[in-house]
Amino acid sequence: MCRSKIPFFFLTLIDSKTKHAKLAKEHLVQVCDMLAEKDQSLAKVAKVAVPLEPSKKRKADAPSASGGDATTAAAKKRKVLTISEREDQAMESLATFLEDKGGSKQSIQNFRCRVQKQNQHAGGSKRYDTNYYNEHGRRFRSMMEVARHLGLVAPQAKRSAAGMKQVGLKKRNKNTSRETEAEKKRLRKELEKLRKQHTKATKALDDFLTDDKEARYPIEDTILQEEEEATTGRPSKILPTNCAAARVPDVDRFEGLPQHCIPDVLVAWDFLCTFTRAISVNPVSLEDFVSCLTYKPPKNLSDSDFLNSPPVYLGEAHLGLLKLLLADKTSDDWWWSILETPISENAVAENADTADQGESDLPLIKVDIAALLGAVEDPLITTSWLTALQGVPNQKASNADAIRSSIKTAMGVVANKWVLAYLRKALKLGNTSGPAFMKRAVVWLLDRMRDARPDLVNASVTKDAVFKQRAKVVEEVSQQMDQLSSAALAVNDDDLLSDAEDSDDDESDDESDVEEDDKEEAEEEKVEKDSSATTTEPDDRPSSYIPLKPPPTLVDLLLPPNKPAPPSELLHPASWPHLAGAAACRIFHRYTRLRNEVDDSLRESRELSQLAVKERRAREAIAKNRLFTEFAVDYEGKEPLQSAISHLCSGGSYLDLTPLERLCILRILIDASYDTLRVHEVVATNHKQRTSAVKALETEQRKFKREAKEKNAANEATARQDLALEAKRNFIEGKREEIRKANEANNELTNDEIDELTEEDILDFDDDIKADFEALPAPESFKKAEVVARVAKILEAAAFETELLTVLSMEEILEREKAYVTSLEENLNALGGEDALLDPETDRDTVRAIEKLRRELAKIQAAAETLPSQREVAIESLKDAIADGTIKSLRAAIRVSKTARLFGKDDDTNGVWALDVVRDAHMELENAKQLKRVADAQKDLVSKLNKCFIRTEPLGCDRFRNRFWRFENSEQGHVWVEVDYVLKETTTKLRNEPGSLQLVASVDQVAVGSPDIEEDFFPKETLENLDEFRLFSRREYHQSGVSACFTTRAWGCQVNEASVRALTKGLDSRGMREDNLKKNLKEALEEKNTTNENAAQAAKEAAVDTAEDAETESAFELSGDETRFAEAKRSAEGNQSDMIDLSLVNPLSSGIGQDVRVRTVVERTKDSEVARYEVGTSSGWKIRKDEVAVEPEGDEFEPQMQTVETAVWRVLTKKGNEVWLTGAELLESICRFQKWKRKEESYFEPDAAFLSYRNGMGRHVGRAAEAGHAMTPIRFTQMMVKREAEIYQKIKHHAFENTWGGKNGSRNAWITSMRDFAFDFETAREGLLTFEKALLELTGGFGDDSDVDNSRSGRELLENPTTREDIELESLEKGINGLWNSRESRNVFLEIVKSTLLCLL
């Protein structure tokens, strides 16, 4: 390849090895350097392609010795020309020859020459064939043929048969007709074969070109963006700040919740709707879900216990989640997590000490085991200190004093300095990490000594056996020591002491260290409790991954020792808020520990040092920002997550939480639910079912594809037949005209006879005609482009339900209309014009014809004034409908185009004529109908597939990778858009566009949570690819790679149909992602349009007449309602409606353009109504005729119906719904909106749909009739009465003195008050205290009243962290004989109940 690009004379000079060879080689080097500038591979190939050495080439070209004659010797002296040289020489000879003939070199500028070597002859000579080719590929065998072609030489005359005879040539004659027929037959077969091959090759070429053209789009969106910029020569008009996703959404926040919490609200609601069977809760709409989160009890209706309770749906959802979590095994990991400490984590359980024998094999302190075992010590002394430590394995890990005493006793006896230093380290380990670590260290030492010194037990063991056993132990322990962390305690040479005084000093130091460490730990816990980061001295000790244990809350003090798994009575409508708070606290603590483990694992993999206590606490302080998404970030200077947990765990009311705090609790429970085995089982089952559903759907799709392919093949076959018939018809008609012209000379046939000639008659005229007819193209020989064009015409005609469609331009339509008007005028003039009407002799038929023509002309003249504007509107609507692609929009646009007379019947062809845009709209409508038929046929399979959920997937992405979402349980047609912000730190060219979202922001404005601690990801000493690695890791949060923490995104929802259509219109189908997204959006629109209408309604809509459409368009007015609105206000003064506030509506003069809150009744019962409320704007009004009943007159008993005119106003809601309101309804809606917007305390919507929710699946809060009051105090006290009856029946016979159920009636009075009059929590609290006192008396009290005055009060116990934790741990004990295990426990209970309004079971 490279050799052909090197100038020919370079190779010639190099091959010739003349004096110019050296210069040629230098030039060749320069050429290679020039190629290297373009591509190194070309230069490399050029260097490799250097010709052979001249000596080798001459040797290769030399003839053999056997053929050496005079000619061969002469050939040696001549230079052997190459093929390319011969071609150049032939072209030069041709140019010289043409110049001699009077031509020029320019005439063969585009000619080329080709020289081919023939086979070598017997004589050894070589021959070459030279052929010339022009630019069209025509071949010339000689220079003379070229000259004849150029007209420089006269053409050669054809020789006649006589001439051939004169020159000795004889014409070949066929002997017989049989040979002639055989030759013709052979030629026909050969010709037919060639035609088939040509047809096949042509079709393959056309298919390739057509398919390649059609496969051009869609392409990658980034490539499409680059193409647009390259085509226009300037940046693309579509930018991240003005793309379709950047449109201002209809909904950009939820009322009462921060804007950044939109994704968390969607996640929570989608989980509750998706896993309905797992939690046994019926789903609700997104609007009702948000209403539940933001619910506030009305102050003016405080006497209603139902309205003063949380919404039923929240109770059902929380109880469903709690039952799912607490019944799952995974909850064991986090329910007891707040009891975990570094001591408890490593000590595990006391009951497992004997079962887990392998735990003592793990060393905790680094020590030179060879030196320890090799130190000289009297066997009696060794036995003595081993005996002193013998009781340590049997001690409980919590009994630190006994373990420490045994170690100190052994230290007083031991003479081995290594053992003494080891025991000192064990004491220090107990002070820093807890007695469990100290115990394990001692047990490990005892086991190693027993293994290495068998002679201490059996005196008959030989020394050699002891040495072998010691070596074995040393080898095993050395391997274990290598695996210990560098942060572990180690016994060094400096730790060895020589006298007992130093040992005593160390013991005293250890005791002082214990006291100091206890103080430090107390201070550290106080610092963590107060969330203060200020310490006097930094703590650089290695830390455990166990977070600090949170102080016991009031809920923790009242919880039983066991986990309240279902069917525990703690999972009750009255207690779920506080149980949810306790669960959230434990889940958060567990996630913090897992985050710490991840940090340690990352640092260990990168060989970084272990985190110190101070570093660990700093990370735990920001754990919520590292664990959770936007909902956990600080908002308005508060920590919503910690505040919500603290409030609920302290016994606070759930309704006192802010909507954001309620969302935090719900999100934590949902995050934990994702880890449950039940959810995993549901997902796994759904995955299997989804696989089967996908296969069934794919089978159905393949079926429709096969049917579509068969239909296309049938259309193509029909088109080919039409083309073939058309070719034959044109051929016959052409021959008929030729016959007609030939007949003009002799007039053998008349014109009628010629017209009556059949196809067979014309073919029999001449054999050549028949041969030409048989040579016409067969159906399969037509090009694909011709077939596609004919198929398109067939489909276009079918779309208009006609056999022939004529597509016209607007100019042609105008010419047609002008010609039509001219023909009408001519007809009118032919009948005598309008003057003929004055002639009395004009007959009646003529008069009717003239009147008809006059009306037609007047109608055309009247329409000519408005028709141009109507056509402009119709064309724009057609283009928008084509871009939209939905059936509804296309039908509406076609109806408008029909009104604008853009298509109609063609009387000339008995078909239809149409504008090209109307034709495109009809074709798009047929495609949309076909897609809808396919979707309807697959509807059941798609529904089955959607039920087998795994996760919610987005509809698609646009070119900037902004994601579009549609949720399965949301209202039809609602599309959520998730848009990335454009960071100022990445570009300065983009600016916020007017009318679009404000997407250009800095990193600080969009950053959420805490940044990644990037030092954990890579070591500091590796700096080569640090920037690339940082960019790669940060792109997880933002594509720019600038932010090191999670970045929020702009969320919004397009709720009405017009907004979604505008969104679809802004997408480009030429891009792969946007093409797929556009199809999905169209499906969403089609699904919305067909949800509320059946097939009959759709057919009726398709058959609406133009006049009805026009009437509908002009059905309402945009102004002029002042009089009617004033009448409505005067009427409202007399009605005195509670909702209408005249002070709000009197300043208004018109009802158009007013913001309203519409009330729509969705369900009616005998006693109540359920309504939905929507915000909208009034946009017009009209007069509606209603049939109303009037009082009968005279003796009539039946009421009479009378038609009255009523003014109604058109309201378009934000969801795109159209509502017509009367005057009174409009005034109520206006006042309702004003009160709702101002958040007036007096305004409340008691019939809202979310308040009437009832769960038909789990009924966690009770039966449907009782669900509304299940979380009220009266229901709690009624349950307390039921539990009292169960307990009292068991203990009343065992009580020595029963004053509770005696004759004084205390029990009956208590039951009556609790069952019928406990309408508030104050009464319920007093009833609970009374019940507790009665039970204490029935169980005998404490038996000893001597310590009544000495016991501390409940407040003192709660304010002391130590006693508060002791009281909590007491609740874990199981051996309690009475009602309380101590007076302190009872005092704490009484203090909690008296100081809080809410009571727990």
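A short tour of the structure in this document, coming up.

About the criteria used
Residues numbered from 1 in each chain as written. Predicted model: local features only at pLDDT ≥ 70, side-chain atom pairs only at ≥ 80, totals over all residues. Heavy atoms only, no water. Helix = DSSP H or I, 4+ residues; strand = E, 2+ residues; numbered from the N terminus. Contact = heavy atoms within 4.5 Å. Areas by Shrake-Rupley, 256 points an atom, 1.4 Å probe, with all protein chains shown as cover. Pairing = 2+ DSSP bridges. Salt bridge = Lys/Arg side-chain N within 4 Å of Asp/Glu carboxyl O. Buried < 20%, exposed > 50% of the residue type's maximum accessible area, 1.4 Å probe, protein only. Patch = residues over 30% accessible without salt bridge, like charges linked within 9 Å, V, L, I, M, F, W, Y side chains within 5 Å. Lys, Arg positive; Asp, Glu negative; His and termini not counted. Charge placed at Lys NZ, Arg CZ, Asp CG, Glu CD. Expected span 1.5 Å × (residues − 1). Arc of directions from axis to C-beta. Axes fitted to C-alpha atoms, helices over the stretch in contact; angles between N-to-C directions. Parallel < 35°, antiparallel > 145°, perpendicular 65-115°, else oblique. Left-handed = near helix turned anticlockwise from the far one by under 90°. Nonpolar A, V, L, I, M, F, W, Y, C, P; charged D, E, K, R; others polar.

**Remarks on the overall build of the protein chain**
Thinking step 1. On a plain count of helices and strands, the protein chain comes out with 55 helices and 20 strands.
Thinking step 2. The long-range share in the protein chain, meaning contacts at least 24 apart out of those at least 6 apart in sequence, stands at 70%.
Thinking step 3. Accessible surface for the protein chain amounts to roughly 81600 Å². Of this, 50% is attributable to carbon and sulfur atoms.

**Here we look at the sheet that holds strand 16 (residues 1050-1054)**
Thinking step 1. Taken in spatial order, the four strands of this open sheet run 9-10-11-16, and their pairing is antiparallel. Each having just a single partner strand, strand 9 (956-957) and strand 16 make up the two edges of the open sheet.
Thinking step 2. One ladder, built from three bridges, connects strand 10 (residues 963-965) with strand 11 (residues 975-979); its direction is antiparallel. Looking at the pairing, Arg963 lines up with Glu978 of strand 11.

**Some remarks on the pattern of salt bridges**
Thinking step 1. By the definition in use, this model includes 66 salt bridges.
Thinking step 2. A salt bridge links Asp599 to Arg619, with the nearest nitrogen and oxygen atoms 3.3 Å apart. Of this pair, Asp599 sits in helix 26 (residues 576-605) while Arg619 sits in helix 27 (residues 613-621), and the two are 20 residues apart along the sequence. Accessibility classification places Asp599 together with Arg619 in one group, the buried group.
Thinking step 3. With its nearest N and O atoms 2.7 Å apart, the salt bridge here joins Arg740 to Asp755. Highlighted residues: Arg740 in helix 31 (residues 677-746) and Asp755 in helix 32 (residues 751-755), separated in sequence by 15 residues.
Thinking step 4. Using a relative accessible area of 46% as the deciding quantity, one classes Asp755 as partly exposed.
Thinking step 5. The network of salt bridges with shared partners includes Arg595, Asp599, Arg603, Arg619, Arg626, Glu1015 and Asp1016.

**Side note on the environment of Gly1009**
Thinking step 1. Along the chain, Gly1009 turns up in the loop between strand 14 (1007-1008) and helix 42 (1026-1034).
Thinking step 2. Under the relative-accessibility criterion, Gly1009 is labelled partly exposed at 31%.

**A few points about the environment of Glu228**
Thinking step 1. Along the chain, Glu228 falls in helix 11 (residues 221-232).
Thinking step 2. It is 9.7 Å that separates the C-alpha atoms of Glu228 and Ile238, two residues lying ten residues apart in sequence.
Thinking step 3. Ignoring any residue separated from it by four or fewer positions in sequence, one finds Glu228 in contact with Ser236, Arg959, Asp1068 and Arg1070.

**Some remarks on unusual backbone geometry**
Thinking step 1. The amide bond that connects Pro566 to the next residue, Pro567, takes the cis arrangement and shows omega of 5 degrees.
Thinking step 2. Position of Pro567 relative to the elements: it lies in the loop between helix 25 (554-558) and helix 26.
Thinking step 3. Positioned with a positive phi, Arg1259 is a non-glycine residue whose angle comes to about 50 degrees.
Thinking step 4. Tracing the backbone shows Arg1259 in the loop between helix 49 (1223-1238) and helix 50 (1273-1291).

**Thoughts on a negative patch on the surface**
Thinking step 1. A cluster of like negative charges, contributed by Glu759, Glu760, Asp761 and Asp764, occupies part of the molecular surface.
Thinking step 2. Within the secondary structure, Asp764 sits in the loop between helix 33 (759-763) and helix 34 (767-774).
Thinking step 3. In this structure Asp764 comes out as exposed when scored by relative accessible area, which is 60%.

**Examining helix 47 (residues 1122-1135)**
In an α-helix, one turn spans 3.6 residues, which is why side chains three or four residues apart end up on the same side.
Thinking step 1. Its 14 residues give helix 47 an end-to-end C-alpha distance of 20 Å, which sits within 8% of 20 Å, the value for a rise of 1.5 Å per residue.
Thinking step 2. Looking only at helix 47, the buried set comprises Phe1125, Ala1128, Lys1129 and Ala1132. With its buried residues spanning 100 degrees around the axis, helix 47 presents them on a single face. Of the exposed residues in helix 47, those oriented more than 90 degrees away from the buried face are Thr1123, Arg1130 and Gly1134.

**Overview of the packing of helix 37 (residues 844-884) against helix 39 (residues 916-937)**
For any two helices packed against each other, the geometry comes down to the angle between their axes and how far apart the axes lie.
Thinking step 1. It is the contact of helix 37 with helix 39, at a shortest axis distance of 10 Å, that shows an interaxial angle of 30 degrees. By the angle between their axes, helix 37 is roughly parallel relative to helix 39. Of the two elements, helix 37 crosses helix 39, and the hand of that crossing is left-handed. Within the contact between the two elements, helix 37 uses Leu878, Lys879 and Ile882 and helix 39 uses Val917, Val918, Asp920, Ala921 and Glu924.
Thinking step 2. Considering only residue class, the contact of helix 37 with helix 39 consists of five nonpolar, no polar and three charged.

Function cannot be inferred from these measures alone, as they are strictly geometric.
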